[in-house]
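# Notes for the structure review
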Amino acid sequence: MEKSFIDKLALIELRGRKVLETKSKGKDTWYIPGGKREAGESDQQALVREIKEELSVDLDPASFSHYGTFEAQAHGKPEGVVVRMTCYTGHYTGNLTPQAEVEMMDWFDYAQRDRVSPVDQLIFDDLKEKDLID
């Protein structure tokens, strides 16, 4: 079976040895904030736009550092649909406030890994291995 990919970007935001997660309205799973790129957008442009839309803060693209790229079966999609999540860290201005489709945000440690999407679970494993979250 041939795989199809969903190209997503995400912001890895750590605080107090926990990672920021968001939950959208009507969803049962938590996700690291970010989203899909629109036609012609760079990683930085897409991530700045998505984070502004979801969490009302302004990312500084000059501060971006590539954290890693992770692939896993897309949550709630047919077998063979894979999310390719390109993750960055970076600085922002403003206060994190859920808006648009994001209903809630919270800070998760490794014990909450089972509440997040499959690709986020891989990121949690990596963060734990690097001793960045408890």
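Residues numbered from 1 in each chain as written. Predicted model: local features only at pLDDT ≥ 70, side-chain atom pairs only at ≥ 80, totals over all residues. Heavy atoms only, no water.

### Here's the deal with helix H1 (residues 43-55)
Selection criterion: Strands here mean DSSP runs of E at least two residues long; helices mean DSSP runs of H or I at least four residues long; both are numbered from the N terminus. Between the first and last residue of a helix there are one fewer steps than residues, each counted as 1.5 Å, and that sum is the expected span. The buried label applies to any residue whose accessible area, calculated with a 1.4 Å probe on protein chains only, is under 20% of its type's maximum; exposed applies above 50%, and partly exposed to all values in between. For this analysis, residues touch if any pair of their heavy atoms sits within 4.5 Å.
In this model, H1 (13 residues) spans 17 Å end to end at C-alpha, consistent with the 18 Å of a helix rising 1.5 Å per residue. Among the residues of H1, Asp43, Ala46, Leu47, Arg49, Glu50, Ile51, Glu54 and Leu55 are the ones counted as buried. Summarising the contacts, the buried residues of H1 are in contact with strand S1 (4-11), strand S3 (18-24), strand S4 (34-36), strand S5 (58-59), strand S7 (81-89) and strand S9 (102-108). Residue Ser56 follows H1 closely and has a positive phi angle near 60°.

### Some words on the pattern of salt bridges
It is possible for side chains of opposite charge to pair when their charged atoms get near one another. Cut-off, in case you're wondering: Whenever a carboxyl oxygen of Asp or Glu lies within 4 Å of a side-chain nitrogen of Lys or Arg, that contact is scored as a salt bridge.
Summed over all chains, the structure comprises 13 salt bridges. For Asp43, the salt bridge is made with Arg37, and the minimal N-O distance between the two is 2.7 Å. Residue Asp43 is classed as buried on the basis of its relative accessible area, which comes to 18%. Linking Arg49 and Glu41 is a salt bridge whose minimum nitrogen-to-oxygen distance equals 2.7 Å. With a relative accessible area of 16%, Arg49 lands in the buried category. Residue Glu41 is classed as buried on the basis of its relative accessible area, which comes to 15%. One network of salt bridges, with partners in common, ties together Glu38, Glu41, Arg49, Glu50 and Glu53.

### A word on the sheet that holds S4
Remark on secondary structure: sheet strands pair via backbone hydrogen bonds, oriented parallel or antiparallel. The criterion, for reference: Should DSSP find at least two bridges between two strands, the strands are regarded as paired. Geometry is summarised by axes, namely lines fitted to C-alpha atoms with helices restricted to the contacting stretch, and by angles between N-to-C directions that run from 0 to 180 degrees.
Overall, mixed pairing links the four strands, which are arranged S4-S1-S7-S6 in an open sheet. The open sheet has two edge strands with one neighbour each: S4 and strand S6 (65-73). The average angle at which neighbouring strand axes cross in this sheet is 20°, direction not considered. Bridge count between S1 and S4: three bridges; the pairing is antiparallel. Note on S4: the bridge partner recorded for Ala10 is Gly34.

### Let's talk about the nonpolar core
Where we set the bar: Nonpolar cores are built from buried Ala, Val, Leu, Ile, Met, Phe, Trp, Tyr and Cys residues. Side-chain atoms within 4.5 Å join them into one set.
Counting 21 residues, the largest nonpolar core has Ile12, Val19, Met85, Cys87, Ile123 and Leu127 as the members making the most contacts within it. Contributing elements (two or more residues each) for this core: S1, S6, S7 and helix H2 (118-129). In this view, Ile123 contacts Ile12, Ile32, Phe70, Met85 and Cys87; residues no more than four positions away in its chain are not counted. One finds Ile51, Leu55, Tyr88 and Leu96 within the second-largest nonpolar core, a separate group that totals 13 residues.

### Some words on the packing of aromatic side chains
Aromatic ring pairs are defined here through the distance separating the ring centres and the angle between the ring planes. Let me state the cut-off plainly: Aromatic rings from Phe, Tyr and Trp, with only the six-membered ring used for Trp, were paired whenever their centres fell within 6.5 Å, and each pair was classed as stacked if the ring planes differed by under 30 degrees, edge-to-face if by over 60, and tilted otherwise.
Taken as a whole and judged by the stated rule, the model has three aromatic pairs. Ring centres 5.0 Å apart and planes at 50° place the aromatic pair Trp30 and Phe108 in the tilted group. Of this pair, Trp30 sits in the loop between S3 and S4 while Phe108 sits in strand S9, placing them 78 residues apart in sequence. Exposure remark for Trp30: the relative accessible area of 4% places this residue in the buried category.

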